[in-house]
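Residues per chain, in single letters:
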Amino acid sequence: NSKVIQTPRYLVKGQGQKAKMRCIPEKGHPVVFWYQQNKNNEFKFLINFQNQEVLQQIDMTEKRFSAECPSNSPCSLEIQSSEAGDSALYLCASRDWDQDTQYFGPGTRLLVL
Amino acid sequence: QQQVRQSSQSLTVWEGETAILNCSYENSAFDYFPWYQQFPGEGPALLIAIRSVSDKKEDGRFTIFFNKREKNLSLHIKDSQPGDSATYFCAARGSSGSWQLIFGSGTQLTVMP
């Protein structure tokens, strides 16, 4: 069973507002991923970290999204100016160095009105 | 361009039958294929996974059959139970340097009692 913790579970924002969500990866997992799952069940990779360093991110993430994984603090994903199209389930996953398996949290469901 | 494709959006079987969920992929560099199970309101949970060096992986009632030449795989759920009713996602990951998972769009399985 996954022990990835995500908060809040639900987030409602108006267009143009900031939306911030947090993730605590499984203990000892240095690699963290953020994915967006839309209402059509399409997953989109956003960004991943190895410890505090960004490994890969997509263009969308670079422009309106910001993310960090500081040491000894939860990882976070923030949308600077929310748009209606950002309404989705945001999933955090973590894995250990030499393991294939990514363990997902329950997600933060964002609704942008 | 959909790199991982699940042929059925939905599948209904009777309790006790074997459910077969199909998946195909395009990129021959993919080497790891997990199947995730997702219930409404929850994050995806790993069900079973296979690496491309194998052609079969079994875990209890769940079996993956993998055909590298044809670039397809299937998940067989034996003795399906109503509690197996969920959405199942096939995913793939490339070889080193590309750690994110690429997901299919899911198959919603309904097991009728």
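Heads up: the structure comes first, above all this text.
Draft legend 1. Structural context of the interface of chain B and chain A. Listed as interface residues are 20 residues of chain B and, on the opposing side, 22 residues of chain A. Contact between chain B and chain A buries roughly 1,600 Å² in total, counting both sides, with carbon and sulfur atoms accounting for 53%. Its largest share of buried area at the contact with chain A, chain B owes to Trp99(B), Gln100(B) and Phe103(B), together 36% of the area lost on that side. Across the contact surface, chain B and chain A share 2 salt bridges. Notably, a salt bridge pairs Arg51(B) with Asp100(A), separated by 2.4 Å at the nearest N-O pair.

Draft legend 2. Just the pattern of salt bridges, in detail. This model, assessed by the stated rule, comprises 10 salt bridges over all chains. Linking Glu83(A) and Arg64(A) is a salt bridge whose minimum nitrogen-to-oxygen distance equals 3.5 Å. Placement of Glu83(A) in the loop between β8 (75-79) and β9 (88-95) and of Arg64(A) in the loop between α1 (59-63) and β7 (65-68) is noted, with a sequence separation of 19 residues between them. Between Asp31(B) and Arg93(B) there is a salt bridge whose closest N-O contact spans 3.4 Å. Taken as a pair, Asp31(B) in strand β4 (residues 30-38) and Arg93(B) in strand β9 (residues 86-94) lie far apart in primary sequence, 62 residues in all. Just as Asp31(B) is buried, Arg93(B) falls in that class too. One network of salt bridges, with partners in common, ties together Asp100(A), Asp31(B), Arg51(B) and Arg93(B).

Draft legend 3. Representation of the state of the cysteines in the model. For the structure on display, the rule yields 3 disulfides over all chains. Each sulfur in the disulfide pair Cys69(A) and Cys75(A) lies 2.0 Å from the other. Classification of the bridge connecting Cys69(A) and Cys75(A) rests on its S-S torsion, roughly 110°, and on that basis the disulfide is right-handed. By the burial criterion, Cys69(A) is buried, and Cys75(A) matches it. Across the disulfide, Cys23(B) is cross-linked to Cys90(B) (sulfur-sulfur distance 2.0 Å). On the sign convention where negative is left-handed, the bridge of Cys23(B) and Cys90(B), at about -70° about the S-S bond, is left-handed. Taken together, the residues Cys23(B) in strand β3 (residues 19-25) and Cys90(B) in strand β9 connect sequence positions 67 residues apart. Of the two residues examined, Cys23(B) and Cys90(B), each falls in the buried class. The connectivity of the disulfide bonds within chain A can be written as 1-4, 2-3, using the sequence rank of each bonded cysteine.

Draft legend 4. Quick look at the sheet that holds strand β1 (residues 4-6) of chain B. Residue and element names in this part refer to chain B. As summarised here, the arrangement of the 5 strands in space is β1-β3-β8-β7-β6, forming an open sheet in which the pairing is antiparallel. Each of the sheet's edge strands pairs with one partner strand only, and the pair in question is β1 and β6 (56-59). Pairs of neighbouring strands in the sheet enclose a mean axial angle of 15°, with direction left out of account. Here β1 runs beside β3; their pairing, made up of 3 bridges, is antiparallel. Following the sheet pairing, Gln 6 is matched in β3 by Cys 23.

Cut-offs used in this document
- Position labels on residues start from 1 in each chain and follow its written sequence.
- Throughout, the order in which chains and ligands are written sets their labels, letters from A for the former and numbers from 1 for the latter.
- Totals for whole chains, interfaces and linings use every residue, but because this is a predicted model, local features are given only for residues with pLDDT of at least 70 and side-chain atom pairs only at 80 or more, for both listing and counting.
- To obtain the side-chain values, all non-hydrogen atoms of the structure were used and water was disregarded.
- Here, residues are in contact when the closest pair of their heavy atoms is within 4.5 Å.
- Buried area adds together the accessible area that both of two parts lose upon being put together, with accessible area traced by a 1.4 Å probe.
- For this analysis, a salt bridge means a side-chain nitrogen from Lys or Arg found within 4 Å of a carboxyl oxygen belonging to Asp or Glu.
- Numbering of helices and strands runs from the N terminus; a helix is a DSSP stretch of H or I covering at least four residues, while a strand is a stretch of E covering at least two.
- Remark: exposure states derive from per-residue accessible area (1.4 Å probe, protein chains only) relative to the maximum for the residue type, with buried under 20%, exposed over 50%, and partly exposed in between.
- Throughout, a disulfide means two cysteine sulfur atoms within 2.5 Å of one another.
- In this description, strands pair whenever DSSP reports at least two bridges between them.
- Every angle, taken between N-to-C directions, lies between 0 and 180 degrees, and every axis is a line fitted to C-alpha atoms, over only the stretch in contact when it is a helix.

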